[in-house]
Amino acid sequence: MIDRRTFNKAVGIGTGAAAVAAVGFQNNASAMSAPGAGSGTSAPTVPAVVPGTHTSFARLKQVRAGVLDIGYAEDGPAHGPVVICLHGWPYDIHSFADVAPLLAAQGYRVIVPYLRGHGTTTFLSPRTERNAQQSAVALDIIALMDALKIDKALLAGFDWGSRTADIIAALWPHRVTGLVSVSGYLITNVEAQKKPLAPAAEHTWWYQYYFATERGRLAMQDKTDRHDLCRLVWDTVSPTWHFDDATFERTATAFDNPDYPAIVIHNYRWRLGLADGERRYDRYEKQLATRPLITVPTITLDPGRDPFTAPGNGSTYRDRFTGPYSHRTLTDIGHNLPQEAPTAFAQAVVDVDHFESRPRPRGSRA
């Protein structure tokens, strides 16, 4: 989920959803944008789709990349500009089941990978540490791009996916043509995360503290408890999304990956400073601890009914984005924004792709 410290800075003792709910769907190009936003070629309008129209993907594939054998969905023309869509927790690639065909119809090659420990993504070696610190997950996506011979891609995600996309845009901007980030700037500062929040904000993150206990670890290992816990999260963070049981069950199969419990537990314990990362990622984490700026063209999206969304219409993280920029708030949408509002999410991808880009830093391939 999103970064606790950023959330607390914005909300004080409240959850923030009520404050945002009245804002409306906005594209504050004049008030919230850097020079160049929206001044590129005119973006086409994405046709509206009823959420839940699509329940599967055109193609499911596997590729060896880095320490993983990554499972991913693919849609669209093989030589189209690439969009990589990144899911969060407790979700999977089905968050983009409607988004992918919308973007494919606009000529994009859409790649939707299972993150490590999810679905058909597996570790190549049983000896590899089941580590889910933020830089490790980001490097998985760099490795995927390299394996698929993708030099640059537009990155779009939510939750863990937003964090991963933000990190790649910050550390490897030469690999990123544009960014769509739900909930804005989610790069984690572990030291800051150790400080207590206001009680109401701490309450929102109940599952993080549960996962910090042996009781929570055992629950994640038990299939029934894991299933019911993830369903509870879906229900509470998306209060206006009336999904059916079949929708949840399609995603819940991704939680049966044998590495899923270890990956989820390590991610949340690491973010609280309760679990160690690996030394090979130290140099990246040191860079990320400085809260690096993101210079690529970006659209940030806030879901107004997500209890993690802070008030301020994106103002709490605006200073982290220095390239062409726009912010939008979707008032009646919850945490799983791409699945709840696929047309709006796809439109943001198309729109940011038509921003007038600033020159990007040059660098060697990762």
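Residues numbered from 1 in each chain as written. Predicted model: local features only at pLDDT ≥ 70, side-chain atom pairs only at ≥ 80, totals over all residues. Heavy atoms only, no water.

**Here's the deal with the overall build of the chain**
Scanning the chain from terminus to terminus reveals 15 helices and 9 strands. Per-residue burial over the chain gives 61% buried out of 366 residues. Counted over contacts in the chain with a minimum sequence separation of 6, partners at least 24 positions apart contribute 82%. A total of about 13,900 Å² of accessible surface is found on the chain, and carbon and sulfur atoms cover 54% of it. (Helix = DSSP H or I, 4+ residues; strand = E, 2+ residues; numbered from the N terminus. Buried < 20%, exposed > 50% of the residue type's maximum accessible area, 1.4 Å probe, protein only. Contact = heavy atoms within 4.5 Å. Areas by Shrake-Rupley, 256 points an atom, 1.4 Å probe, with all protein chains shown as cover.)

**Points about the confidence of the model for the chain**
On average, the chain scores 89 in pLDDT, and the residues at 70 or more come to 86%. Looking over the chain, one finds the lowest element-wise mean pLDDT in helix 2 (residues 17-21), namely 31, and the highest in strand 3 (residues 82-86), namely 99. (pLDDT = per-residue confidence, 0-100.)

**Digging into the pairing of strand 1 (residues 59-65)**
Alignment of strand 1 against strand 2 (residues 68-75), held across 7 bridges, turns out to be antiparallel. Counterpart to Ala65 in the pairing with strand 2 is Leu68. Once strand 1 ends, the chain turns through 2 residues before running back antiparallel as strand 2, passing Gly66 with a positive phi of about 60°. (Pairing = 2+ DSSP bridges.)

**Some points on the packing of aromatic side chains**
This model, assessed by the stated rule, comprises 26 aromatic pairs. Arranged with centres 5.9 Å apart and planes meeting at 90°, the rings of Trp206 and Tyr207 form a pair that is edge-to-face. Classification of Trp206 as partly exposed rests on a relative accessible area of 33%. Overall, Tyr207 belongs to the buried group, its relative accessible area being 1%. Between Tyr207 and Tyr268, the ring centres sit 5.4 Å apart and the planes meet at 85°, which makes this aromatic pair edge-to-face. With a gap of 61 residues between them, Tyr207 in helix 8 (residues 206-211) and Tyr268 in helix 12 (residues 260-271) connect regions that are remote in the sequence. With respect to burial, Tyr207 and Tyr268 carry one shared label: buried. Taken together, Tyr91, Phe96, Phe158, Trp234, Trp241, Phe243, Phe248, Phe255, Tyr260 and Phe345 form an aromatic cluster joined through their ring pairs. Positioned above the aromatic ring of Phe248 is the side chain of Arg231, whose terminal nitrogen or guanidinium carbon lies 5.5 Å from the ring centre. (Phe/Tyr/Trp six-rings, centres within 6.5 Å; stacked < 30°, edge-to-face > 60°. Lys NZ or Arg CZ within 6 Å of the ring centre and 35° of its normal.)

**Some details on the pattern of salt bridges**
All told, the structure shown has 14 salt bridges when counted by the stated rule. Note that Arg226 is salt-bridged to Asp256, the shortest N-O span being 3.4 Å. Placement of the pair is Arg226 in helix 10 (residues 223-237) and Asp256 in the loop between helix 11 (245-252) and helix 12, with a sequence separation of 30 residues. By relative accessible area, Arg226 is classed as buried at 7%. Residue class for Asp256 comes out partly exposed when judged on its relative accessible area of 38%. Three or more residues joined by partner-sharing salt bridges are found here, namely Lys61, Glu74 and Arg109. (Salt bridge = Lys/Arg side-chain N within 4 Å of Asp/Glu carboxyl O.)

**Looking at the side chain of Thr343**
Secondary-structure assignment places Thr343 in helix 15 (residues 342-353). Contacts of Thr343, omitting those with residues within four sequence positions, involve Val46, Pro47, Ala48, Val49 and Leu102.

**With respect to the nonpolar core**
Ranked by internal contacts, the top residues of the largest apolar core, which has 105 residues, are Ile84, Trp89, Leu103, Phe211, Leu301 and Phe345. For this core, the leading source of residues is helix 4 (residues 134-147), giving 9 residues. Those residues in contact with Phe211 that lie beyond four places of it in its chain are Trp89, Gly216, Met220, Leu229, Val264, Ile265, Tyr268 and Arg269. (Core = buried A, V, L, I, M, F, W, Y, C linked by side-chain atoms within 4.5 Å.)

**Concerning helix 11**
Every buried residue belonging to helix 11 is among Thr247, Phe248, Thr251 and Ala252, and all of these are buried. Mapping the buried residues of helix 11 onto a view down its axis gives an arc of 135°, with all of them on the same face. Where helix 11 is buried, its residues meet helix 10 and helix 14 (337-340). (Arc of directions from axis to C-beta.)

**Focus: the pairing of strand 3**
Residues in a regular strand project their side chains so that they alternate between the two faces of the sheet. In terms of burial, strand 3 is largely enclosed, as 5 of its 5 residues are buried. In the classification by handedness, the crossover that spans strand 3, the intervening helix 3 (residues 99-105) and the parallel strand 4 (residues 109-113) is right-handed. As judged from the 4 bridges shared by strand 3 and strand 6 (residues 153-157), these two strands associate in the parallel manner. Bridging across to strand 6, Cys85 finds its partner in Ala156. (Right-handed = clockwise from strand over helix to strand, strands pointing away.)

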